[in-house]
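Here are the chains, one letter per residue:
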Amino acid sequence: MKKINFSTNWNGKLGCSVYTTIRLQNISKYKTGDLYDVRLNGKPHHKAKILGIKTLPSIYHLSSFVCYLDTGYSAEETIGIFEKMYKAKVRNLQVQPFSIILLKKEKDA
C-alpha cells in the first residue's frame, strides 16, 4: 500500500475524519480514489482515501484560507515553511506544481 508520511500533525488535522495535505505534485503517487497508509513520524496512524486533488502552478498560489485550514498558519508563513523544507530538493519553487490533496479516513482505521 502507498504511504503518506507526516513529520508534523499540522493544525491537528490527522485527528479529523477529512483533511488536506499540501504536497509537491506527484501524479504517479497521489491518485483520487486510492487508499494510503498514513504515517506520523514513521509510525502507522490510520488509512485514508484520496477524495480529490487540486493542482496549483506553485506554492505561491496558495491562499491563506487553504493554508490556515491545512497548517494553521497564514499563506506567507506556510510558504516560508515550504521554502525551507524544499530548499535542497527543488531548484525553482516558482514553477514547481503543488497539489492540495483531500483525504478521508477509512472508518475501520
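What you see is a predicted model, and the numbers here were worked out from it, not measured in a lab.

Reading the values: the criteria
Residues numbered from 1 in each chain as written. Predicted model: local features only at pLDDT ≥ 70, side-chain atom pairs only at ≥ 80, totals over all residues. Heavy atoms only, no water. Helix = DSSP H or I, 4+ residues; strand = E, 2+ residues; numbered from the N terminus. Rg over C-alpha atoms; globule rule 2.2 N^0.38 Å. Buried < 20%, exposed > 50% of the residue type's maximum accessible area, 1.4 Å probe, protein only. Areas by Shrake-Rupley, 256 points an atom, 1.4 Å probe, with all protein chains shown as cover. Lys, Arg positive; Asp, Glu negative; His and termini not counted. Charge placed at Lys NZ, Arg CZ, Asp CG, Glu CD. Pairing = 2+ DSSP bridges. Axes fitted to C-alpha atoms, helices over the stretch in contact; angles between N-to-C directions. Core = buried A, V, L, I, M, F, W, Y, C linked by side-chain atoms within 4.5 Å. Contact = heavy atoms within 4.5 Å. Expected span 1.5 Å × (residues − 1).

S.K.: Which residues make up the overall build of the protein, and what are the values?
M.R.: Per the secondary structure count, the protein includes two helices and five strands. Tracing the protein from N to C terminus, the helices and strands come up as β-β-β-β-α-α-β. Here the C-alpha atoms of the protein give a radius of gyration of 13 Å, agreeing with the 13 Å that 2.2 N^0.38 yields for 109 residues. Dimensions of the protein, computed from C-alpha atoms along their principal axes, come out at roughly 40 × 30 × 25 Å. By residue count, 36% of the 109 residues in the protein fall in the buried class. Carbon and sulfur atoms make up 52% of the accessible area of the protein, which amounts to about 6,500 Å² in all. Side-chain charges of the protein comprise 18 positive and 8 negative groups, with the mean position of each set lying 6 Å from the other.

S.K.: Can you explain the sheet that holds strand E2 (residues 18-24)? Please cite residues and give values.
M.R.: The five strands are arranged E1-E3-E4-E5-E2 in an open sheet whose pairing can be described as mixed. Each edge of the open sheet carries a strand with a single partner, namely strand E1 (2-6) and E2. On average, each strand axis in the sheet is inclined to that of its neighbour by 40°, with strand direction left out of account. Inspection of the sheet shows E1 paired to strand E3 (residues 35-40) by five bridges, in the parallel sense. Bridged to Asn5 within E3 is Arg39.

S.K.: Before we move on, could you go through the nonpolar core and cite the residues and values that matter?
M.R.: Nonpolar side chains in soluble globular proteins generally cluster together in the buried interior. Membership of the largest hydrophobic core comes to 13 residues, with the highest contact counts inside it found for Ile22, Ile59, Leu62, Phe82, Tyr86, Leu93 and Phe98. Taken together, the elements giving at least two residues each to this core come down to helix H2 (75-86) and strand E5 (98-105). Here Tyr86 is in contact with Leu24, Leu93 and Phe98, once residues within four sequence places are set aside. Core analysis: the second largest hydrophobic core is formed by 12 residues, Ile4, Tyr19, Tyr36 and Leu40 among them.

S.K.: Help me get a handle on H2, residues and values and all.
M.R.: Taking 1.5 Å per residue as the helical rise, H2 with its 12 residues ought to reach 16 Å, and the 16 Å between its terminal C-alpha atoms agrees with that figure. The secondary structure elements touched by the buried residues of H2 are E2, helix H1 (64-70) and E5.

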